[in-house]
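Results of the structural survey
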Amino acid sequence: MYQTNYHRASSVQEAVEMMSNVPEGKYLAGGMTLIPTMKQRLAAPSDLVDLRHITEMRGIMVDGRSVRIGAATTHEEVATSVEIRAVCPALCGLASHIGDPHVRHMGTIGGSIANNDPAADYPAAVLALDATIVTDRREITADDFFTGLFETALEDGEIITAIRFDAPATAAYQKFANPASRYAMTGVFVARRDNGEVRLAVTGAGSNGVFRHRGLEAALAANWSPDAVANVTVDASDLLSDLHASAAYRANLVRVMAKRAVAAA
Amino acid sequence: MANIRMTVNGRQVSGVCDDRTLLVHFIRENLGLTGTHVGCDTTQCGACVVDMDGQSVKSCSILAAQAAGSTITTIEGLAQNGDLHPVQEAFKAHHGLQCGFCTPGMVMTAVDMIRRHGGNLDEETVRAELEGNICRCTGYHNIVKAILAAAAEMGGSRQAAE
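Residues numbered from 1 in each chain as written. Chains lettered and ligands numbered in written order. Predicted model: local features only at pLDDT ≥ 70, side-chain atom pairs only at ≥ 80, totals over all residues. Heavy atoms only, no water.

Looking at the layout of surface pockets
Roughly 630 Å³ of internal volume is contained in the second largest pocket. Counting only elements with at least two residues in the lining of the second largest pocket, the list comes to α3 (75-79), α5 (89-95), α6 (101-106) and β11 (170-177) of chain A together with α4 (103-117) and α5 (123-129) of chain B. Ranked by the residues each element gives to the lining of the second largest pocket, the list is headed by β11(A), at four residues. In terms of residue class, the lining of the second largest pocket is built from seven nonpolar, eight polar and eight charged. (1 Å grid on protein atoms, 1.4 Å probe; cavity = no way out; pocket = protein on both sides within 12 Å on 5 of 7 lines; lining within 4 Å. Points joined across faces, edges and corners; volume = space filled by probe spheres on them. Helix = DSSP H or I, 4+ residues; strand = E, 2+ residues; numbered from the N terminus. Nonpolar A, V, L, I, M, F, W, Y, C, P; charged D, E, K, R; others polar.)

Focus on the packing of aromatic side chains
How two aromatic rings sit relative to each other is set out by the distance from centre to centre and by the angle between their planes. On inspection of all chains with the given rule, the structure shows two aromatic pairs over all chains. One residue, A:R41, lies across the ring of A:Y2, its end atom 4.1 Å from the ring centre. (Phe/Tyr/Trp six-rings, centres within 6.5 Å; stacked < 30°, edge-to-face > 60°. Lys NZ or Arg CZ within 6 Å of the ring centre and 35° of its normal.)

What to know about the domain arrangement of chain B
Residues and elements named next belong to chain B. In terms of domain boundaries, chain B breaks down into domain 1 (2-77) and domain 2 (86-161). Computed from C-alpha coordinates alone, the two centres of domain 1 and domain 2 are separated by 22 Å. Listed per partner, the contact involves 18 residues of domain 1 and 13 residues of domain 2. The contact between domain 1 and domain 2 buries some 1100 Å² in all, and 59% of this surface belongs to carbon and sulfur atoms. Of all residues in domain 1, H37, V49 and I75 bury the most surface against domain 2, accounting for 39% of the area lost on that side. Inspection of the region where domain 1 meets domain 2 yields seven residue pairs in polar contact (both at pLDDT 80 or more). (Domains from an automatic or database assignment. Contact = heavy atoms within 4.5 Å. Buried area = accessible area lost by both parts, 1.4 Å probe. Polar contact = N/O pair within 3.5 Å; in protein donor to acceptor, adjacent residues only side chain to side chain.)

Topic: the interface of chain A and chain B
Counting residues at the interface gives 27 residues for chain A, matched by 29 residues for chain B. Buried area between chain A and chain B, summed over both chains or domains, comes out near 2300 Å², and the portion from carbon and sulfur atoms is 54%. For the chain A face of the interface with chain B, the top three residues by lost area are A:K39, A:H102 and A:H105, together amounting to 29%. There are two salt bridges connecting chain A and chain B. Run the count over chain A and chain B and you get 14 residue pairs in polar contact (both at pLDDT 80 or more). For the side of chain A that touches chain B, the secondary-structure elements that each account for two or more residues are β1 (5-8), α2 (34-39), β3 (47-50) and α6 of chain A. Considering each element in turn, the side of chain A that touches chain B owes the most residues, four residues, to α6(A). For the side of chain A that touches chain B, the class distribution of residues is eleven nonpolar, nine polar and seven charged. (Salt bridge = Lys/Arg side-chain N within 4 Å of Asp/Glu carboxyl O.)

Concerning the sheet that holds β11(A)
Residue and element names in this part refer to chain A. Across the sheet, which stays open at both edges, the four strands sit in the order β11-β12-β13-β14 with antiparallel pairing between neighbours. With one partner strand each, in any of the chains shown, β11 and β14 (211-212) form the two edges of the open sheet. As paired elements, strand β13 (residues 198-203) and β14 share two bridges and run antiparallel to each other. Within β14, the residue paired with A201 across the bridge is R212. The strands touched by helix α10 (residues 214-222) are β12 (184-192), β13 and β14; relative to β13, the strand with the most contacts, the crossing angle is about 145°. (Pairing = 2+ DSSP bridges. Axes fitted to C-alpha atoms, helices over the stretch in contact; angles between N-to-C directions.)

Some details on the sheet that holds strand β6 (residues 132-135) of chain A
Residue and element names in this part refer to chain A. Read across the sheet, five strands follow the order β4-β5-β10-β6-β7 without closing on themselves; strand pairing throughout is antiparallel. Edge positions in the sheet fall to β4 (60-63) and β7 (139-141), since each has one partner strand and no second. Taken pair by pair, the neighbouring strands of this sheet meet at an average axis angle of 20°, ignoring direction. The sheet contact formed by β4 and strand β5 (residues 66-70) spans four bridges and is antiparallel. Residue pairing in the sheet places V62 in a bridge with V67 of β5.

The structure is reproduced here in structure tokens:
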């Protein structure tokens, strides 16, 4: 790892100020991606601003069906939240399968979303749940937030402070995990509202990162049943192709994971 | 440079290191506690697992500076007054190790697992919970047996205490 300077912020405002005073800084949440990346010298920030001790960014609030998760909330806290489980158990299930127990004790929802790894689990949930990303300066809809591989709408120095969404009537997440890394080779999060609206987001498969599949959404809105996905075409031309799976294989996985998700919802 | 203070195995410690120094290196090199191992260096193998503020973490993927002010327990901190921790006893009784390199991380992971699940652990859960720990000798069978035995004993003794 190259040399870096560590700073610990105790408030969102202090973190923004710290970041504005350093040349090539990065925010550090749980660090479960950033620290390994720095160890490999794939990232070399001049400064790190640690957000883990900012109490206003932690915690889960559920009011009726309205859910607010502080950005510094760990995967373990989401996975074991009784409040979230009561209204959106699919999100607890998703969080409980990220990484391993030790990673879940450190990794955070804000960190995962800000990083927008194309194989990360949370972006699919945030997009399918039509969540709002709350930052230190504005609110961003999930549809506007994820802009490409490891790319988001966040500006320089902007901090995600919370994720907000209304729990859907039903939801489920299914992933086909890489047998070695356990990262999603394809993961599908599906959410259905009381009015019949369906949102379905795919992670691990898109060559441009997480995406909604409108064809599957339309088919499931018309017929909420696992069989409804059978005749939907998933275009392989926009999908990732690598040593783990070809684009055509992933296209099929999208349909299979969608089918399993609807069955599990 | 970072001036680090933390509590390790019940003792107040301090040391000076680079801001980039990993917690595992601070524990091993500054504090001389070499029971915590570095195996893969890619956050996968779990040989470096320690307890930080009541939860298991991979000390190879946390900066010492991030851990400043925290309370750490390493493998050296488990035995009390010369008596092995029940998980350590169970690993010994069930031959849960061969070369022993992964064992500190396995034991720390097992302690955390039992903390969260109590005596209700079953084999499937133990195997799923070992996702972040790699052993190249045992094939895991005796590690799983040892953790189940320790969970039963610790869960049982907790019930007796209640």
